[in-house]
Amino acid sequence: MRRISKLTRVAVGIASLALAATACGGTSSDSDNDSGSDGGKEKLGLAIAYDIGGKGDQSFNDAAFAGLEKAKAEFGYKTADIEPTEGETDADKEQRLASLAKQGYNPVVGVGFAYGPAMEAVAAKYPDTTFGIIDSVVEGDNVASLVFAEEQASYLAGVAAAKATKTKTVGFVGGVDIPLIHKFEAGYKQGVTDTDPKVKVLSQYLTQTAEEGGFSSPDKGKAAAEGQIEKNADVVYQAAGLSGQGVIEAAAKAKVWAIGVDSDQYEQEALAAYKDYILTSALKDVGGAVYALAKSVEDGKPLTGVQTFDLKVDGVGLSDSNPKFAEIEGLQDAVAKAKEGIIDGSIKVKTE
């Protein structure tokens, strides 16, 4: 296994390439009409298969698409990005990944832990193709498991929430009650408590399984946030994919703070109406990870094994795009101090 020594901070730089194209979903197995030529054959490169919510979630999936767009522009090859289908099975995912590999796309990335079983099966059948999976670990000589220290970014979000709250009550809305989202909650709660033990954290998960719509139902997110706001929460952090848009809408309507996730949601065009109430976002450089894998394949040195993206390599972080972030007394200094502590090991962030 090899670990990336330094992840280039590309998420912010490449996000603008994708924003206009992600206003709506849709399958685009032919992302562009021009292609490279090699003996009359198309030059096929990176392909991504989306997680629940698909393109247009202004979060996790869109970040992956931004990485794809950067790779396409830099390497001049044909790409593919494929939407999930409602109620699909592991067999459906397996067929999707196999089809992309069979066509000659390389690497092939499954955006989300749900692709784990399918990727394990398909990767063994296509040993000459490099596969990548986000948020899960899959064994295989030709598989790169792209995982993140979400708890570290969430800790910083918790610090910010504790500094911003006036009611001493803050909220957390998780999309689905699974270990991955527990990492977000654990880091957030620890960051809040370490900053101000008097602040209460309200937590709620939207569903028990992804199939119930926890990551794809803005109405569920809105209802959950409204419930927490009624209980006096004046900062609400969401780790809920597309459902998080409902959380942000509810916070803006109530004129309290929302904290975004994965992408810098203050900068997302689709959320512009609510941006004044998006204090910050816990960043997760999914686009950078996708691009890094594509570049490694293009360079002839494919990444494999577990690739961990944390604060040390700028794989996670906290945004400060909202000017009001700098106006809250003590917030910037507290976040900077916490980041330093996590990196030097003096702060150990929990994952449960």
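As a reminder, the structure under discussion sits directly above these lines.
Keep in mind it's a predicted model, so treat the numbers as computed, not measured. Going along each chain's sequence as written, the residues are numbered from 1 onward. The predicted nature of this model means local features are confined to residues of pLDDT at least 70 and side-chain atom pairs, given and counted, to a pLDDT of 80 or more, with totals for whole chains, interfaces and linings taken over all residues. With hydrogens and water excluded, all non-hydrogen atoms of the structure serve as input to the side-chain values.

Student: Explain the sheet that holds strand β9 (residues 200-207) to me, using residue names and the numbers behind them.
Tutor: Strand order in the open sheet formed by 6 strands is β9-β8-β10-β11-β12-β14, with mixed pairing between adjacent strands. Whereas interior strands pair on both sides, the edge strands pair on one side only; in this sheet they are β9 and β14 (316-318). Here the average twist between neighbouring strands, direction ignored, is 15 degrees. Where strand β10 (residues 235-239) meets strand β11 (residues 257-262), 3 bridges bridge the pair, whose relative direction is parallel. Within β11, the residue paired with V235 across the bridge is W257. DSSP-based pairing: two strands are paired if at least 2 bridges between them are found. Only DSSP runs of H or I with at least four residues qualify as helices, and only runs of E with at least two residues qualify as strands; both kinds are numbered from the N terminus onward. What counts as an axis is a line fitted to C-alpha atoms, over the stretch in contact for a helix, and the angles between N-to-C directions run from 0 to 180 degrees.

Student: Which residues make up the pairing of strand β4 (residues 78-82), and what are the values?
Tutor: Within a regular beta strand, the side chains point alternately toward one face of the sheet and then the other, so they alternate between its two faces. Under the scheme applied here, a residue whose accessible area is under 20% of the maximum for its type counts as buried, over 50% as exposed, and between as partly exposed, the area being computed with a 1.4 Å probe on protein chains only. Among the 5 residues in β4, 5 count as buried, and that is most of the element. Taking every second residue as pointing to the same face, both faces of β4 are buried, with K78, A80 and I82 on one and T79 and D81 on the other. Note that strand β3 (residues 44-49) and β4 share 4 bridges and pair parallel. Counted as the bridge partner of A47 is A80 from β4. Note on handedness: a clockwise path from strand one over the helix to strand two, with the strands aimed away from the viewer, defines a right-handed crossover. In this fold, the crossover linking β3 to β4 by way of helix α2 (residues 60-75) has right-handed handedness.

Student: Any details on the packing of aromatic side chains? Residues and values, ideally.
Tutor: The criterion for an aromatic pair is that two Phe, Tyr or Trp rings (for Trp, the six-membered ring) have centres within 6.5 Å, with stacked assigned to planes under 30 degrees apart, edge-to-face to planes over 60 apart and tilted to the rest. By the definition in use, this model includes 7 aromatic pairs. Where Y188 meets Y237, the ring centres are 4.9 Å apart and the plane angle is 45 degrees; that geometry is what we call tilted. Taken together, the positions of Y188 in helix α6 (residues 179-195) and Y237 in strand β10 put the pair 49 residues apart, joining distant regions of the chain. Comparing Y188 with Y237, the two get one shared label, buried.

Student: Outline the packing of helix α5 (residues 150-164) against helix α10 (residues 331-344), supporting the account with residue identities and numerical values.
Tutor: It is the contact of α5 with α10, at a shortest axis distance of 9 Å, that shows an interaxial angle of 155 degrees. In terms of orientation, α5 and α10 fall into the roughly antiparallel class. As for the relative orientation of α5 and α10, their crossing is right-handed in sense. In contact with Q152, Y155, L156, V159, A160 and K163 of α5, α10 contributes L331, A334, V335, A338, K339 and I342. An angle below 35 degrees is treated as roughly parallel, one above 145 as roughly antiparallel, one from 65 to 115 as roughly perpendicular, and anything else as oblique. Here a crossing is taken to be left-handed if its near helix is turned anticlockwise relative to the far helix by less than a right angle, and right-handed if that turn runs clockwise. For this analysis, residues touch if any pair of their heavy atoms sits within 4.5 Å.

Student: Outline the side chain of S319, listing residues and values.
Tutor: Within the secondary structure, S319 is located in the loop between β14 and α10. Note on S319: relative accessible area 5%, which makes it buried. In terms of polar contacts, S319 uses its side chain to reach the backbone amide nitrogen of S281, at 2.8 Å. The contacts of S319, once residues within four sequence positions are left out, are D264, T280, S281, L283 and F325. In the analysis that follows, any N or O atom pair within 3.5 Å is treated as a polar contact, provided that within protein one partner can donate a hydrogen and the other can accept it, and provided that, for residues neighboring in sequence, both atoms belong to side chains.

Student: Outline helix α3 (residues 90-103), supporting the account with residue identities and numerical values.
Tutor: Between the first and last C-alpha of α3 there are 20 Å, a value that for 14 residues agrees with the 20 Å anticipated at 1.5 Å per step. Among all positions of α3, only K93, R96, L97, A98, L100 and A101 are buried. Immediately beyond the C-terminal end of α3, within one or two residues, lies G104, with a positive phi of roughly 110 degrees. Given a helix with a known number of residues, its expected span is that number minus one, times 1.5 Å.

Student: With reference to specific residues and values, describe the sheet that holds β4.
Tutor: Hydrogen bonds between backbone groups are what pair the strands of a sheet, and the pairing can be parallel or antiparallel. In spatial order, the strands read β4-β3-β5-β6-β7-β13; together these 6 strands make up an open sheet with parallel pairing. Both outer strands of the open sheet, β4 and β13 (305-309), are each paired with one neighbouring strand and no more. The mean inter-strand angle of the sheet, taken between neighbouring strand axes irrespective of direction, is 15 degrees. Where β3 meets strand β5 (residues 108-110), 3 bridges bridge the pair, whose relative direction is parallel. Bridge pairing in β5 links A49 to G110. Each of β3, β4, β5 and β6 (131-134) touches α3; the most contacted strand, β3, lies at about 175 degrees to it.

Student: Explain the pattern of salt bridges to me, and be specific about the residues and the numbers.
Tutor: Side-chain pairs of opposite charge can arise whenever the charged atoms involved come near each other. Any Lys or Arg side-chain nitrogen located within 4 Å of an Asp or Glu carboxyl oxygen qualifies as a salt bridge. Within this structure, the stated rule accounts for 16 salt bridges. E298 serves as the salt-bridge partner of K43, at 3.3 Å between the closest nitrogen and oxygen. Taken together, the residues K43 in the loop between β2 (41-42) and β3 and E298 in helix α9 (residues 286-298) connect sequence positions 255 residues apart. Residue K43 is classed as partly exposed on the basis of its relative accessible area, which comes to 33%. Owing to a relative accessible area of 34%, E298 belongs among the partly exposed residues under this scheme.

Shape is all these values report; function is a separate question.
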